[in-house]
Amino acid sequence: MRPEHIQAVINALVAAGKAPSTVRKAHTILHLACEQAIVNGILVKNPVTRIILPRLEQEEIRIFTLEEQKAFIEALPDNTSGRALYFILGTGLRLAELTGLRWSDIHENEFHISQTIRRNRNFDENDPRRTSLQTSSPKTKAGRRTIPLPPKLKEVLAVQRQQQLISRLAAGSKWHDLDLVFTTEVGTPYEGRNLTRTLHRTLRSLGFETMGVHALRHTFATRAVESGIDIRTVSEILGHANISLTLQLYAHSTTQSKRNAMEASEIFL
């Protein structure tokens, strides 16, 4: 296996229109395979090391305009999915953080992020399940954080608790007592696919462009910056390790904010 042959394969994938992220994933798998071949004595050096890869462009996530956001909130269903989507829009939580949020993490005027729940691929050959839910602590120190609770979010949580108690009584012995805030009708973690279905259904009802759940986090950050909240505070609420990441990923200027800036600068003309 020669480097030029590998480069030719990479070039062919790019020419075929494969996304840069897909090409890079293929490169990573091949790189790991060659590293193992070195350990096994099949190769002397890794021929994948010096391969030129396509540039990975930062994909810009769509956000709501202020008018769209208001319409979206009005259209959200009065159920666990609707309240969960509203809570992400009002806090900027990651999906895994919302899924792992417990009642014991919530206090009078704030809540703590101390665990996450996400569905991961199952690599256990003896387990017939392709994926499984895994509970863990946030990956970074910045991810373990405290976020204030404004009145509207308190109201949402109060409704969620009341409705969950009704579900718990209905489920009886089938209820899973995991202390989770957003759950299914039997107390199991409320997963992203459930939220995505509700999100897409609500967007279609409004005639809006399809977006992912993560776009709500993106919208929260943008609204926070537009409201004049300093970027360090926004970064800490989002759980970023540094401010530069917050600026790079989330603090995009909207058309309205650009218009406001241009109008403000007009006095100097």
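What comes next concerns the included structure. Since this is a predicted model, take the numbers as computed values, not measurements. All residue numbers refer to positions counted from 1 along the written sequence of the respective chain. Residue-level local features of this predicted model are given only where pLDDT is at least 70; pairs of side-chain atoms are given and counted only at 80 or more, and the full residue set underlies all totals for whole chains, interfaces and linings. Side-chain numbers here rest on the full set of heavy atoms in the structure, without hydrogens or water.

1. As for the pattern of salt bridges
Inclusion rule: Whenever Lys or Arg places a side-chain nitrogen within 4 Å of a carboxyl oxygen from Asp or Glu, that contact is recorded as a salt bridge. Only protein chains enter the accessibility calculation, which uses a 1.4 Å probe. A residue is then buried if its area is under 20% of the maximum for its type, exposed if over 50%, and partly exposed in between.
Taken as a whole and assessed by the stated rule, the structure comprises 11 salt bridges. Here Arg62 ties to Glu68 by a salt bridge, and the two come within 3.5 Å at their closest N and O atoms. By relative accessible area, which is 17% here, Glu68 ends up buried. Residue Glu97 pairs with Arg94 through a salt bridge whose shortest N-O separation is 2.6 Å.

2. What about the nonpolar core?
Formally: The criterion is simple. A nonpolar core is a set of buried Ala, Val, Leu, Ile, Met, Phe, Trp, Tyr and Cys residues joined through side-chain atoms within 4.5 Å. Labels follow the DSSP assignment, with helices taken as runs of H or I lasting at least four residues and strands as runs of E lasting at least two, numbered in each case from the N terminus. Contacts were defined at the residue level, with two residues in contact if any of their heavy atoms lie within 4.5 Å.
Within the largest apolar cluster, 38 residues are counted, with the highest numbers of intra-cluster contacts made by Phe72, Phe87, Phe111 and Phe182. For this core, the secondary structure elements donating two or more residues are helix H4 (80-91), helix H6 (151-171), helix H7 (192-206), helix H8 (214-226) and helix H9 (231-238). No other element matches H4, which puts six residues into this core. Each residue touching Phe111, except ones within four places of it in the same chain, is listed here: Phe87, Thr91, Leu93, Leu101, Asp105, Ile106, Arg145, Thr146, Ile147, Pro148 and Leu149. By size, the runner-up hydrophobic cluster in this structure holds six residues, among which are Val23, Cys34, Val48 and Ile51.

3. Observations concerning the packing of helix H3 (residues 66-75) against H7
Worth spelling out the cut-off: The convention used is that axes are lines fitted to C-alpha atoms, helices contributing only their stretch in contact, and that angles between N-to-C directions extend from 0 to 180 degrees. Should the near helix be turned anticlockwise from the far one by less than a right angle, the crossing is termed left-handed; should it be turned clockwise, right-handed. Under the grouping applied here, Gly and all other residues not named as nonpolar or charged are polar, the nonpolar ones being Ala, Val, Leu, Ile, Met, Phe, Trp, Tyr, Cys and Pro and the charged ones Asp, Glu, Lys and Arg.
Running from N to C, H3 and H7 cross one another at 115°; their axes reach a closest spacing of 10 Å. Judged by the sense of rotation from one axis to the other, the crossing of H3 with H7 is right-handed. Residues Ala71, Phe72 and Ala75 of H3 form the contact with H7, whose participating residues are Leu199, Thr202, Leu203 and Leu206. Tallied by class, the residues present in the contact of H3 with H7 amount to six nonpolar, one polar and no charged.

4. Details of the packing of aromatic side chains
The condition that has to hold: For Phe, Tyr and Trp, where Trp contributes only its six-membered ring, two rings pair if their centres lie within 6.5 Å, and the inter-plane angle classes them as stacked under 30 degrees, edge-to-face over 60, or tilted in between. A ring is scored as having a charge over it whenever the NZ atom of a lysine or the CZ atom of an arginine sits within 6 Å of its centre and within 35 degrees of its normal.
Per the counting criterion, the structure on display carries four aromatic pairs. On the numbers, 5.7 Å between centres and 55° between planes, the contact of Phe87 with Phe182 is tilted. Separated by 95 residues along the polypeptide, Phe87 in helix H4 and Phe182 in the loop between H6 and H7 bring together distant segments of the chain. The residues Phe87 and Phe182 share a single accessibility class, namely buried. An aromatic cluster is defined as three or more aromatic residues linked by ring pairs; in this entry it consists of Phe64, Phe72 and Phe208. When the ring centre of Trp103 is taken as reference, the NZ or CZ atom of Arg161 above it lies at 4.0 Å.

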